[in-house]
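Chains, contacts and geometry: an overview
The chain contents come next:
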Amino acid sequence: VQLQASGGGLVLPGGSLRLSCAASGRTFSNGYLGWFRQRPGKEREFVAVITRNGLRTYYTDSVKGRFTISRDNANSMGYLQMNSLNLEDTAIYYCAFRGGISVPVPLKEYDYDYWGQGTLVTVSS
């Protein structure tokens, strides 16, 4: 699976962005799609994950209620809708893919096999 993230940009505090992750390969529907981010000077961290069928989602606490992860398996696309953005959300955002079944749900970098190149989100006034 090859992944390409897009949709980043400059946004005002309180604004919204929708990130996209385009996947190639026939196995996209058979794996977890995750989003991670790396803030300036920080380690890369988990943001959200969605299960294969899209029925379950998990978020890091700092984005709960503001971010929504989704996927369109028919078109091999993943999304991260980000609302009420604040300065702390400034980061490079990466989409990642983990094939098959994982117990527990993959929340760590090392759980994922494939990574997109990252897209920069800058929240600034």
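Description of the structure in this document. In this text the structure is predicted, and so the values were computed from the model without any measurement. (Residues numbered from 1 in each chain as written. Predicted model: local features only at pLDDT ≥ 70, side-chain atom pairs only at ≥ 80, totals over all residues. Heavy atoms only, no water.)

**Side note on the packing of aromatic side chains**
- Overall, the coordinates contain seven aromatic pairs when judged by the stated rule.
- Ring plane angle 55 degrees and centroid distance 5.0 Å describe the contact between Phe 36 and Trp 115, whose orientation is recorded as tilted. Here Phe 36 is found in strand β4 (residues 31-38), whereas its partner Trp 115 is found in strand β10 (residues 114-115), with 79 residues between them in sequence.
- Given the relative accessible area of 1%, Phe 36 is considered buried.
- Considering the side-chain rings of Tyr 94 and Trp 115, the 6.5 Å spacing of their centres and the 80 degrees angle between planes classify their relative orientation as edge-to-face. Highlighted residues: Tyr 94 in strand β9 (residues 91-99) and Trp 115 in strand β10, separated in sequence by 21 residues.
- Ring pairs connect the aromatic residues Phe 36, Phe 46, Tyr 94, Tyr 112 and Trp 115, which therefore count as one cluster. (Phe/Tyr/Trp six-rings, centres within 6.5 Å; stacked < 30°, edge-to-face > 60°. Helix = DSSP H or I, 4+ residues; strand = E, 2+ residues; numbered from the N terminus. Buried < 20%, exposed > 50% of the residue type's maximum accessible area, 1.4 Å probe, protein only.)

**Focus on the pattern of salt bridges**
- The tally for this structure, following the rule as stated, stands at seven salt bridges.
- With a closest N to O distance of 2.7 Å, Arg 37 and Glu 45 form a salt bridge.
- Between Arg 39 and Glu 88 there is a salt bridge, with its nearest N and O atoms 3.3 Å apart. A residue pair is termed long-range when its members are at least 10 positions apart, and Arg 39 in the loop between β4 and β5 (44-50) and Glu 88 in the loop between β8 (77-82) and β9 qualify at 49 residues.
- When salt bridges with common partners are traced through the structure, they connect Arg 37, Arg 39, Glu 45, Arg 66, Glu 88 and Asp 89 into a single cluster. (Salt bridge = Lys/Arg side-chain N within 4 Å of Asp/Glu carboxyl O.)

**With respect to the pairing of β5**
- For β5, the buried fraction is high: five of the seven residues fall into the buried class.
- As paired strands, β4 and β5 are joined by six bridges and run antiparallel to one another. Among the inter-strand pairings, Gln 38 is bridged to a residue of β5, identified as Arg 44.
- The loop that links β4 with its antiparallel partner β5 comprises five residues; one of these, Gly 41, has a positive phi angle of about 75 degrees.
- In this sheet, strand β6 (residues 57-59) lies alongside β5 in antiparallel orientation, the contact comprising three bridges. Its bridge partner lying in β6, Val 49 is registered against Tyr 58.
- Here β5 folds back onto β6, and the loop between the two strands holds six residues, one of which, Gly 54, carries a positive phi near 80 degrees. (Pairing = 2+ DSSP bridges.)

In short, shape yes, function no, at least from these values alone.
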